Amino acid sequence: MANSPSGNSMIRRLVERLSSRESVVNEAKVAGRLPVHISSSGLVLLAHSLPPVQEAYLERNAETLGARQLRRDLAGVRQSGFAALAGYVVADTSGITVPVLGRRQEINAALGVVVAAGEENIPATVPALMTAARGIARAVA
């Protein structure tokens, strides 16, 4: 996702996805597209984007989004350091995502998991994702 307010719509691109045979349904496809505001990874990317990027997204999608609530959601993601969404893309799943930040705390990527709804273990999952995200950030710095 580019940090540019121009363009038709803001999307996120999935670069990699690992799954096992027992994994829950995951609608995200490698190199696929989903609206930013319906996925935990999209919310993390948008929450850490530059304010003009956020405002441009909100303006372009004002008719379909609750802009006031989305602003609160983005602030919550920035404050907590993660996004967790249950049942937005697939009713039976939840996404949990953290940012992968650069040296200047700019957003470079998002790292997340999709789990069965009701099986979210935020206190265990978020620290593990944050540790992995910091390792990725160090490796690419």
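Residues numbered from 1 in each chain as written. Predicted model: local features only at pLDDT ≥ 70, side-chain atom pairs only at ≥ 80, totals over all residues. Heavy atoms only, no water.

Draft legend 1. Focus on the packing of helix H1 (residues 40-47) against helix H3 (residues 67-80). Orientation of H1 relative to H3, taken along the N-to-C sense of each, is 85°, at an axis distance of 9 Å. Classified by the angle their axes make, H1 and H3 are roughly perpendicular. Here Leu-43, Val-44, Leu-46 and Ala-47 of H1 come into contact with H3, specifically with Leu-70, Leu-74, Val-77 and Arg-78. Taken together, the residues of the contact of H1 with H3 sort by class into 7 nonpolar, no polar and 1 charged. (Axes fitted to C-alpha atoms, helices over the stretch in contact; angles between N-to-C directions. Helix = DSSP H or I, 4+ residues; strand = E, 2+ residues; numbered from the N terminus. Parallel < 35°, antiparallel > 145°, perpendicular 65-115°, else oblique. Contact = heavy atoms within 4.5 Å. Nonpolar A, V, L, I, M, F, W, Y, C, P; charged D, E, K, R; others polar.)

Draft legend 2. View of helix H4 (residues 122-140). Along its 19 residues, H4 runs 26 Å from first to last C-alpha, staying within 8% of the 27 Å computed at 1.5 Å per residue. Of the positions making up H4, those classed as buried are Thr-125, Val-126, Leu-129, Ala-133 and Ala-137. Buried residues of H4 fall within an arc of 100° about the axis and therefore sit on the same side. Projecting away from the buried face of H4 at angles above 90 degrees are the exposed residues Pro-123, Arg-138 and Ala-139. (Expected span 1.5 Å × (residues − 1). Buried < 20%, exposed > 50% of the residue type's maximum accessible area, 1.4 Å probe, protein only. Arc of directions from axis to C-beta.)

Draft legend 3. Inspection of the confidence of the model for the protein at higher detail. Averaged over all residues, the pLDDT of the protein equals 81, while 77% of them reach at least 70. Across the protein, H4 holds the top mean pLDDT of 94, while strand E1 (residues 11-13) sits lowest at 45. Under a pLDDT of 50 for its full length, residues 1-14 has, in the predicted model, 44 contacts with residues more than four places off or in other chains. (pLDDT = per-residue confidence, 0-100.)

Draft legend 4. The arrangement of the sheet that holds strand E5 (residues 107-116) in detail. Here we have 3 strands laid out as an open sheet, ordered E3-E4-E5, and antiparallel in their pairing. The open sheet has two edge strands with one neighbour each: strand E3 (83-86) and E5. Along the sheet, successive strands turn relative to each other by an average axial angle of 20°, direction set aside. As defined by bridge partners, strand E4 (residues 93-101) adjoins E5 across 9 bridges and the pair is classed as antiparallel. In the strand pairing of E5, Leu-101 is matched with Ile-107. Relative to the sheet, H1 contacts E3, E4 and E5, its axis offset from that of E4 by approximately 30°. (Pairing = 2+ DSSP bridges.)

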